[in-house]
Amino acid sequence: MIPYTVNIKLAARTLTGTLNLQNKTAVDWGWQGLIAQGCHSSILIIDPKTSQTIQVLERHKANVVKVKWSRENYYHNVSSPYCLRLASGDASGKIIVWDVVSGTVHCEIQEHSKPIQDMEWLWNQDASRDLLLAIHPPNYIVLWNGDTGTKLWKKSYAENILSFSFDPFDPSNMALLTSEGIVFITDFSHSKPPGSAGKKVYIASPHASPAHTKPAPAAAPVPTGAKKALNKVKVLITNEKPTAEAVTLNDCLQLSYLPSKRNHMLLLYPREILILDLELSQTVGVVAIERSGVPFIQVIPCAQRDALYCLHENGCITLRVCRTTTTPEEAADPEQNVYELMYDLRSQCDAIRITKTVRPYRMVICPVNENSAALMVSDGRAMLWELKAHASKAVSNPSSGLSPLYTPLSFCGSPLGPNQKRIQDLSLNSMIGQTLMAGEAPPPSSNQQDIQLKFLLTGLLSGLPLPPFALRMCPPLTTKNINHYQPLLAVGTSNGSVLVYNLTSGLLHKDLSVHSCEVRGIEWVSLTSFLSFATSAPNNMGLVRNELQHVNLPTGRCFAFRGERGNDEPPIEMIKVSHLKQYLVVVFRDKPLELWDTRTGTLLREMAKNFPTVTALEWSPSHNLKSLKKKQMAAREAIARQTVSDAEQTSVESSVISLLQDAESKSETSQAISAREHFVFTDTDGQVYHITVEGNTVKDGARIPPDGSMGSIACIAWKGDTLVLGDVDGNLNFWDLKARLSRGIPTHRGWVKKIRFAPGKGNQKLLVMYTDGAEVWDTKEVQMVSSMRIGRNVNYRILDIDWCTSDKVVLASDDGCVRVLEMAMKSASYRMDEQDLTDPVWCPYLLVPRAALTLKAFLLLQPWSGTFTMDITQVDYNEKDEIKGLIQEQLNSLSNDMKSVLQDPELSLLQRCLLVSRLFGDESDLHFWTVASHYLQSFAQARQLGVSTAEGQAKSEGTQTSPPNHLDICHDVLCESSYFQKFQLDRVHLQEVKRSSYDHTKKCADQLLLLGQTDRAVQLLLETSADNSSYYCDSLKACLVTTITSSGPSQSTIKLVATNMIANGKLAEGVQLLCLIDKAADACRYLQTYGEWNRAAWLAKVRLNPAESSDVLKRWAEHLCSPQVNQKSKAIMVLLSLGCFYKVGEMLQSMRHFDRAALFIEACLKYGVMEANDSSNILFENPLLHSKYARMLRSLGLREGAALWASRAGSAGEQLMEELFQGEGSVPEAIPGEEGVELSQNSTE
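To start, this report covers the structure provided alongside it. Note that the structure is a prediction, hence the values are computed from the model and not measured.

Conventions adopted
Residues numbered from 1 in each chain as written. Predicted model: local features only at pLDDT ≥ 70, side-chain atom pairs only at ≥ 80, totals over all residues. Heavy atoms only, no water. Helix = DSSP H or I, 4+ residues; strand = E, 2+ residues; numbered from the N terminus. Areas by Shrake-Rupley, 256 points an atom, 1.4 Å probe, with all protein chains shown as cover. Contact = heavy atoms within 4.5 Å. Patch = residues over 30% accessible without salt bridge, like charges linked within 9 Å, V, L, I, M, F, W, Y side chains within 5 Å. Salt bridge = Lys/Arg side-chain N within 4 Å of Asp/Glu carboxyl O. Lys, Arg positive; Asp, Glu negative; His and termini not counted. Charge placed at Lys NZ, Arg CZ, Asp CG, Glu CD. Buried < 20%, exposed > 50% of the residue type's maximum accessible area, 1.4 Å probe, protein only. Core = buried A, V, L, I, M, F, W, Y, C linked by side-chain atoms within 4.5 Å. Pairing = 2+ DSSP bridges. Axes fitted to C-alpha atoms, helices over the stretch in contact; angles between N-to-C directions. Arc of directions from axis to C-beta. Parallel < 35°, antiparallel > 145°, perpendicular 65-115°, else oblique. Left-handed = near helix turned anticlockwise from the far one by under 90°. Nonpolar A, V, L, I, M, F, W, Y, C, P; charged D, E, K, R; others polar. Expected span 1.5 Å × (residues − 1). Phe/Tyr/Trp six-rings, centres within 6.5 Å; stacked < 30°, edge-to-face > 60°. Lys NZ or Arg CZ within 6 Å of the ring centre and 35° of its normal. Polar contact = N/O pair within 3.5 Å; in protein donor to acceptor, adjacent residues only side chain to side chain.

### A word on the overall build of the chain
Here comes step 1: Looking only at helices and strands, the chain features 26 helices and 60 strands.
Here comes step 2: Counting every atom, the chain has about 53400 Å² of accessible surface; 52% of that belongs to carbon and sulfur.

This is the structure we're talking about:
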């Protein structure tokens, strides 16, 4: 037997079951790495890596309909720590914001009483991260402060709002999906409600748009499946309300912006996904399902790659990755040369079996790595799928038309070292290299593998089946069984199986299929075996099939306890096992009871026909085992002594003792002893009978006449000298057998269903179950301790009750949950840190704020003394051992791959920063380091080519296209100009192919002019038909574009006209003219003057040379820093992309981001893009910064790291060094406290 420690104190917890239909949309996977899921009125917090439920939040009274984790898009320090914050909305319109670790509530919000339709935390500005936007049906959007619960503003719209989506590239844009169409809002701000009613567009159902009715040209080959669908949906978005017959049903299931490309949106229909380009409001791509395919339920677009995770109605998750294809020009007709966005199916997981009660609800994907998905099923299962990349053996089949996917050559944003360790499946962008632009040849590279993606099921959580349940806790903990005790709870279910849960961890221990019909009751006969009974539905005679099974847990062996008996007899009402587990009474409805010996499985007595009908029965706790044991011990001793002769006595003394001990241990279960036990029962008249059983003799004892004040007795409980009777009218009768007193108490709660005494010597608490709830009574004082009632303090009905320890009760309820509660029976969430988890969970958010920051610094600042370690005790870190232990637990819970990469000396500082920000799910860190590491490397590369920085930018952008190492397009304006330009040209080509109206053509021509593609623009302008009102205008414009020469007078005229146009409110037209005469820099300046900052940045990227473009972008960065915009973090990104590293360092310091600043400057020095003795002011800043960072490290308790940085800080650091190492004893203890306070005050400035 393996010894393991017994945790006698069980945590209060909830075992959850099937979901309610209203819980369908209530699931979210946060940046913190955990999944929150609504289950009836509770919220489960699941750790996907170990698939454990680590917290259940209970406070809502109605079903939870939405949950949302707060975003981690802010800089973390002591005053804004890593914390688990979750908002949940329910069907009664209440929103609760939780602190998940402690299970407490930050605030409760209530506006209306209808279910919350959608909600989202605002993440885009540096001012506050407490803002929560919610849709209160039918048509209100309200902005709340999620920390205090105050309402900031409220706005109503004309239609019912179903959901909304924020533009990930521009926080002032959002789209509302309403019952009639889409409303675009362009002036969203947290300070005031949107002024306008937004721009309404109607979605013409794809099956009724005019494009379908066009007869197909006879010459063209008939397109198949998806191609057909693509041609169908050329027209989609209209500004007019469609006619009634055109759109009968807006069956759009979902709308979301694509986080991988700016200004693209996705609309989901059951049989197709439409990709819209919002600049043209037209469809540029379609993912259609073949006729026999399975319809979509939901789709989640990825940010790191242009890919879609789709969930289908059969529970299958598919991953589709985008490629742009140009079909070779077979036909001379340019129309045939279709250029389209294709989303290729790259991987799919297995479907689930769909039944009436089992269907997929929602899928969520990990926002940090985008390579794992979780599927929530209606029966309470959560299936965790991970995407794995395998090198494909065979050359990819050319006929399939799928281009191969390549692995990227870099790891964590930097090229791989020759023998560097890496984790290939770290995230989506480390699995799939950047998708190539159309027309680019794939790079011939030796060590790039083409890969295939597969889904792997890495975790499964299952819930309880549908109620009703029958509960029974295993026998209580005693001093004898303490070494091998497990707190097991048996739950009998409606489908005939018995689930055994271990309540220490809350995990399923065994799932045993025992019966063929609903389990009615369970009784344990030892710590490892139990009896359970089930009764089938009655036939027309009222007879049933009774099943009474004996189950042995370790082996799982079941056998029918009553042998062949059980067919066609009255149903079993109850089974009761005696205290010593020797005898079993089986009570039937209209048939005398049976008495069995549980040890031999033999029938001792079947009572005579005239035996009274039993209404309630209970075994007495008194027996004569002790006196029998004494007699038996004496007898055994005598036998043992006789067998040993006197001569050998001394040598065999020990064996006698062992024999005796053996005998003693066996005597409890030995067949030889049959102790005398008694039971009492009541008949229909309320008369109490007393019966004694010894061996196979049964004697009738005294009878006590009925108590007149009691109705028909429904249940009895007996412990020590107290006997309690409960009747169908809600009266409890307490008998004190020693003092021979009885006392009746009317509870006025109706039928007493069950009463049970708590385990433990001298513990006289009693649990009583009624039809409408439960109560705990103290039988010594005869008074009620606590009570719960449906409708008053809970909203579920109680189905069964039991004690699980001497102070905790377990209740089964009709919402499909089993709850372990304190004696007060207040359903409450528990503190996560008191939990006893089977597998350790990596989640730094569970640590106290300072410890989480220490852990981060510990991982970032390796090596301490030239070595890498994963053991916090090897570092000079003064902190309570308890916290040290918790940090060490976190470090231990990292996977071995991750540990080996973190300890790999080849891992560069930038890679380490990126990896740690991924581990922590720190959104703002991740974005910062991704952009920083890319541009630090590209400028360093340019420097090595021996060019000064200004020219270097142009040069590096020229040379860098050879290895396709550019920032992903999801960073939008932060990408290199050359790449950005290419992307925009491709996009216009696509728009051109897809245009379907004059409006679209005009917009395309405008874009082409801005991009400098004059020839193509002229062709489009000349397409305008003669009956169009703009025909004359467009023709002249075409002439103008073709005849523009760079002669002085024409230029000055055009410039004058352009400025007049701009002055008179025709900004777009004026800018176009300026771009025609290559005055794009002026155009950008005008755009910025008129507040079109994003447009100006776009134009600068596609038209200007590096020096001019960098001026425009620097002005933009200054604008972003201004207090009314307050997007400093975005400004830093823009400056990084320009290579203004000094400015970035200064800004980080002014924002008091000392650790980020220090590490950034360290990286700059390492890559040689900044010199330590540079004449610029960084010289003064640097030591100061280093000492600030050192102080911060010291406040976290990391003295070695502090010393390291203090030593770099010159004179400023010397004083700190002295403080650090003076009086090793008491001083450092005192200082961190003050330092911590000072820090937090500073950082709140």
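On we go.
### Some words on the environment of P487
Here comes step 1: In this fold, P487 is placed in the loop between β34 (470–473) and β35 (488–492).
Here comes step 2: When the C-alpha positions of P487 and C804 are compared, they lie 7.7 Å apart, and in sequence the two are 317 residues distant.
Here comes step 3: Residues within four places of P487 in sequence aside, it is in contact with L10, M473, C474, Y501, N502, L503 and T504.

### Regarding a positive patch on the surface
Here comes step 1: A cluster of basic residues, K480, K626, K630 and K761, forms a positive patch at the surface.
Here comes step 2: Using a relative accessible area of 69% as the deciding quantity, one classes K626 as exposed.

### Digging into unusual backbone geometry
Here comes step 1: The amide bond that connects P137 to the next residue, P138, takes the cis arrangement and shows omega of 0°.
Here comes step 2: With respect to the secondary-structure elements, P138 resides in the loop between β11 (131–136) and β12 (140–145).
Here comes step 3: Residue P468 is bonded to the preceding P467 through a cis peptide linkage, with omega at 5°.
Here comes step 4: Its location among the elements puts P468 in the loop between β33 (450–461) and β34.
Here comes step 5: For S51, which is not glycine, the phi torsion reads 40° and is therefore positive.
Here comes step 6: Residue position: S51 is located in the loop between β4 (42–47) and β5 (52–58).
Here comes step 7: If you check the backbone angles, D568 has positive phi at about 50° while not being a glycine.
Here comes step 8: Mapped onto the secondary structure, D568 falls in the loop between β41 (557–560) and β42 (572–577).

### Section: the nonpolar core
Here comes step 1: Core analysis: the largest hydrophobic core is formed by 167 residues, its most contacted members being I45, L859 and F1160.
Here comes step 2: Broken down by element, the residue count for this core peaks at nine residues, all from helix α9 (residues 923–944).
Here comes step 3: Excluding its chain neighbours within four sequence positions, the residues that come into contact with F1160 are F928, W929, A932, L936, L1136, F1141, V1144, G1145 and L1148.
Here comes step 4: In this structure, L464, C474, V498 and A812 belong to the second largest nonpolar core, which totals 31 residues.

### Overview of the sheet that holds strand β36 (residues 497–502)
Here comes step 1: What the four strands build is an open sheet, ordered β34-β35-β36-β37; its pairing is antiparallel. With partners counted over all chains shown, the strands left at the sheet margins are β34 and β37 (507–513), one partner each. Taking the axes of each pair of neighbouring strands and ignoring which way they run, one obtains an average angle of 20° across the sheet.
Here comes step 2: Examined bridge by bridge, β34 and β35 share four bridges and lie antiparallel to one another. Across the sheet, the residue bridging to M473 is L489, located in β35.

### Brief notes about helix α13 (residues 1014–1021)
Here comes step 1: Buried residues of α13: A1017, V1018, L1020 and L1021, and no others. Take α13 and look down its axis: the buried residues cluster within an arc of 160°, on one side only.
Here comes step 2: Summarising the contacts, the buried residues of α13 are in contact with α11 (977–994), α12 (998–1010) and α14 (1031–1043).

### Topic: the pairing of strand β47 (residues 676–682)
Here comes step 1: Buried residues dominate β47, accounting for six of its seven residues.
Here comes step 2: With seven bridges connecting them, β47 and strand β48 (residues 688–694) associate as antiparallel partners. Paired with V680 across the two strands is H690, which belongs to β48.

### Let's talk about the sheet that holds β4
Here comes step 1: Taken in spatial order, the four strands make up an open sheet running β2-β3-β4-β5, and their pairing is antiparallel. Whereas interior strands pair on both sides, the edge strands pair on one side only; in this sheet they are β2 (27–29) and β5. Taking each pair of neighbouring strands and ignoring which way they run, the sheet shows an average axis angle of 20°.
Here comes step 2: By the bridge criterion, six bridges tie β4 to β5 in an arrangement that is antiparallel. When the bridges of β5 are listed, S42 appears paired with E58.

### Focus: the packing of α9 against helix α20 (residues 1128–1138)
Here comes step 1: Relative orientation of the contacting elements α9 and α20 amounts to 15°, with a least axis distance of 8 Å. By the angle class used here, α9 and α20 are roughly parallel. Pair α9 / α20 crosses with left-handed handedness. Counting all contacts with α9, which are made through H927, F928, V931, A932, Y935 and F939, the residues of α20 involved are I1132, M1133, L1136, S1137 and L1138.
Here comes step 2: A breakdown of the residues in the contact of α9 with α20 according to their chemical character gives nine nonpolar, two polar and no charged.

### Some thoughts on helix α6 (residues 881–892)
Since the α-helix turns once every 3.6 residues, residues separated by three or four places project in the same direction.
Here comes step 1: Taking 1.5 Å of rise per residue, the twelve residues of α6 would be expected to cover 16 Å, and the 16 Å separating its terminal C-alpha atoms lies within 8% of that figure.
Here comes step 2: Those residues of α6 not exposed but buried are I883, K884, I887, Q888, Q890 and L891. Looking straight down α6, one finds its buried side chains confined to an arc of 155°; they lie on one side. With respect to the buried face of α6, the exposed residues turned more than 90 degrees away are D881 and E882.
Here comes step 3: The secondary structure elements touched by the buried residues of α6 are α5 (849–860) and α7 (896–902).

### Things to note about the packing of aromatic side chains
Here comes step 1: Per the stated rule, a full pass over the model turns up 20 aromatic pairs.
Here comes step 2: Ring centres 4.8 Å apart and planes at 5° place the aromatic pair F681 and Y689 in the stacked group.
Here comes step 3: For Y689, a relative accessible area of 7% corresponds to the buried category.
Here comes step 4: Residues F928 and F1160 carry aromatic rings whose centres are separated by 5.8 Å and whose planes lie at 65° to one another, so their mutual orientation is edge-to-face. Taken together, the residues F928 in helix α9 and F1160 in helix α22 (residues 1154–1167) connect sequence positions 232 residues apart.
Here comes step 5: Directly above the aromatic system of Y796 lies the positively charged group of R819, at a separation of 4.0 Å from the ring centroid.

### Topic: the pattern of salt bridges
Here comes step 1: Overall, the coordinates contain 49 salt bridges when judged by the stated rule.
Here comes step 2: Between K49 and D47 there is a salt bridge whose closest N-O contact spans 4.0 Å.
Here comes step 3: Owing to a relative accessible area of 51%, K49 belongs among the exposed residues under this scheme.
Here comes step 4: Across the pair R472 and D802 runs a salt bridge, and its minimum N-O distance is 2.9 Å.

### Here we look at the environment of L10
Here comes step 1: Along the chain, L10 falls in the segment before β1 (13–15).
Here comes step 2: Relative accessible area serves as the criterion here: at 5%, L10 is assigned to the buried category.
Here comes step 3: For the pair formed by L10 and P487, sequence separation is 477 residues and the distance between their alpha carbons is 8.5 Å.
Here comes step 4: Setting aside residues up to four positions removed in sequence, L10 forms contacts with P487, L503, T504, C804, T805 and K808.

### What about the side chain of R472?
Here comes step 1: The topology assignment puts R472 in strand β34.
Here comes step 2: Judged by relative accessible area, R472 falls into the buried class, the value being 18%.
Here comes step 3: A polar contact of 2.9 Å, which involves the side chain of R472, links it to the side chain of D802.
Here comes step 4: Dropping the residues within four chain positions of it, R472 is found in contact with L488, L489, A490, I522, E523, W524, R756 and D802.

### Here's the deal with the environment of K808
Here comes step 1: Topologically, K808 is positioned in strand β59 (residues 808–813).
Here comes step 2: Placed 16 residues apart in sequence, K808 and A824 show a C-alpha to C-alpha distance of 8.8 Å.
Here comes step 3: The contacts of K808, once residues within four sequence positions are left out, are K9, L10, A11, A12, W803, V820, L821 and E822.

### Things to note about the side chain of D972
Here comes step 1: Residue position: D972 is located in the loop between α10 (949–959) and α11.
Here comes step 2: One polar contact links D972 to R262, side chain to side chain, over a distance of 2.8 Å.
Here comes step 3: Apart from residues lying up to four places away in sequence, D972 is in contact with F169, R262 and F980.

### Focus: the pairing of strand β16 (residues 181–185)
Every other side chain in a regular strand lies on the same face of the sheet, so the side chains alternate between the two faces.
Here comes step 1: Buried residues dominate β16, accounting for five of its five residues.
Here comes step 2: Relative to β16, strand β15 (residues 174–178) runs antiparallel, the two being bridged by four bridges. Across the sheet, L176 pairs through a bridge with V183, a residue of β16.
Here comes step 3: The hairpin turn running from β15 into β16, its antiparallel successor, is two residues long.
Here comes step 4: As judged from the four bridges shared by β16 and strand β17 (residues 199–203), these two strands associate in the antiparallel manner. Opposite G181, over in β17, you have Y202 as the bridge partner.

No statement about biological role is implied by the geometric values presented.
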